[in-house]
Amino acid sequence: MPPTDLSLQIQLHPFPDGDAVASALAQAVADDLRAALVQRGQASLALSGGTTPRRFLQALSQQALDWANVTVTLVDERWVPDDHERSNARLVKECLLQNAAADARFVPLYRPAATPDEVLEDIAAGLPATLDVVVLGMGGDGHTASFFPGGDRLAEAMDTATGTTVLPMRAPGAGEPRITLTLPVLRDAGRLYLHIEGGEKRQVLQQALSGQGPGAQFPMHHVLQALRAPLQVYLTA
């Protein structure tokens, strides 16, 4: 797809500040989950870590819906125990699995093994068959999920023809070894969101959209190229 066409791959939802975008995103995600619950009696949600989603997760935890029939998992995870300060599972447990959302079923990606490579089959077997909602984040290097520039399994994880659902990832900018859902799993979700805040992240997104200069190498650029439906981008104006 030519770079100029990638603007059609996103729908922007700008808000004045972080509290406003967190509240609006929580409402949108909750509405998607309610629709899945009406249709199938169950719903599934995959979330990202980092510092940006904290307020969003807290707002989502207050949403009234049938949380007992919602499965929550992660887009990616650092290979650390869930009591580690850098654990995405810890973030979700502290910020989302509270209040109304305390009844949700949580499926972690981490297992007590030395490396993610040892337990990939077990992790894949525990994941929901489909994902109704996925909420992505994005780093200043253009990574999303654990699709890091220079990642040792990046090409495989972003291969739209792969039948693999989860892969380990090691990269210079990743810190710990990671585990990540693959691009086809994210692309095929019922609804795909990107949550970013701040001018730096907006600039990175614009570079990924343009596909020019450093943006051509951003993993987010290649994610945008692979999408079948517009990415819903919730961001601060």
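Residues numbered from 1 in each chain as written. Predicted model: local features only at pLDDT ≥ 70, side-chain atom pairs only at ≥ 80, totals over all residues. Heavy atoms only, no water.

(A) Fine view of the sheet that holds strand E7 (residues 166-169). Spatial ordering of the open sheet is given by E4-E8-E7, a layout of three strands whose pairing is antiparallel. In this open sheet, the two strands that pair with only one neighbour each are strand E4 (76-78) and E7. The sheet shows a mean angle of 20 degrees between the axes of neighbouring strands, direction not considered. In the sheet, E4 pairs with strand E8 (residues 178-181) via three bridges, with the strands oriented antiparallel. Considered in E8, the bridge of Asp 76 is made with Thr 180. (Pairing = 2+ DSSP bridges. Helix = DSSP H or I, 4+ residues; strand = E, 2+ residues; numbered from the N terminus. Axes fitted to C-alpha atoms, helices over the stretch in contact; angles between N-to-C directions.)

(B) Spatial organisation of the packing of aromatic side chains. Counting across every chain of the model gives three aromatic pairs. Taking 5.8 Å as the distance between ring centres and 15 degrees as the angle between the ring planes, the aromatic pair formed by Phe 15 and Tyr 234 counts as stacked. Of this pair, Phe 15 sits in strand E1 (residues 10-15) while Tyr 234 sits in strand E10 (residues 231-236); the two residues are 219 residues apart in sequence, bridging distant segments of the chain. In this structure Phe 15 comes out as partly exposed when scored by relative accessible area, which is 22%. Looking at Tyr 234, the relative accessible area reads 8%, which means it is buried. Note on Tyr 193 and Tyr 234: the rings are 5.6 Å apart at their centroids and 65 degrees apart in plane angle, and the pair reads as edge-to-face. In this pair, Tyr 193 sits in strand E9 (residues 191-196) while Tyr 234 sits in strand E10, placing the two residues 41 residues apart along the sequence. Each member of the pair, Tyr 193 as well as Tyr 234, carries the same accessibility label: buried. An aromatic cluster of three or more residues is present, and its members are Phe 15, Tyr 193 and Tyr 234. (Phe/Tyr/Trp six-rings, centres within 6.5 Å; stacked < 30°, edge-to-face > 60°. Buried < 20%, exposed > 50% of the residue type's maximum accessible area, 1.4 Å probe, protein only.)

(C) Main features of the pattern of salt bridges. Using the criterion set out here, one finds 15 salt bridges in the structure. With a shortest N-O distance of 2.8 Å, Arg 40 and Asp 132 are connected by a salt bridge. Of this pair, Arg 40 sits in helix H1 (residues 18-40) while Asp 132 sits in the loop between helix H4 (120-126) and strand E6 (133-136), placing them 92 residues apart in sequence. Between Glu 176 and Arg 78 there is a salt bridge, with the nearest N and O atoms lying 4.0 Å from each other. Of this pair, Glu 176 sits in the loop between E7 and E8 while Arg 78 sits in strand E4, and the two are 98 residues apart along the sequence. Arg 78 gets classed as buried once you look at its relative accessible area, which sits at 13%. (Salt bridge = Lys/Arg side-chain N within 4 Å of Asp/Glu carboxyl O.)

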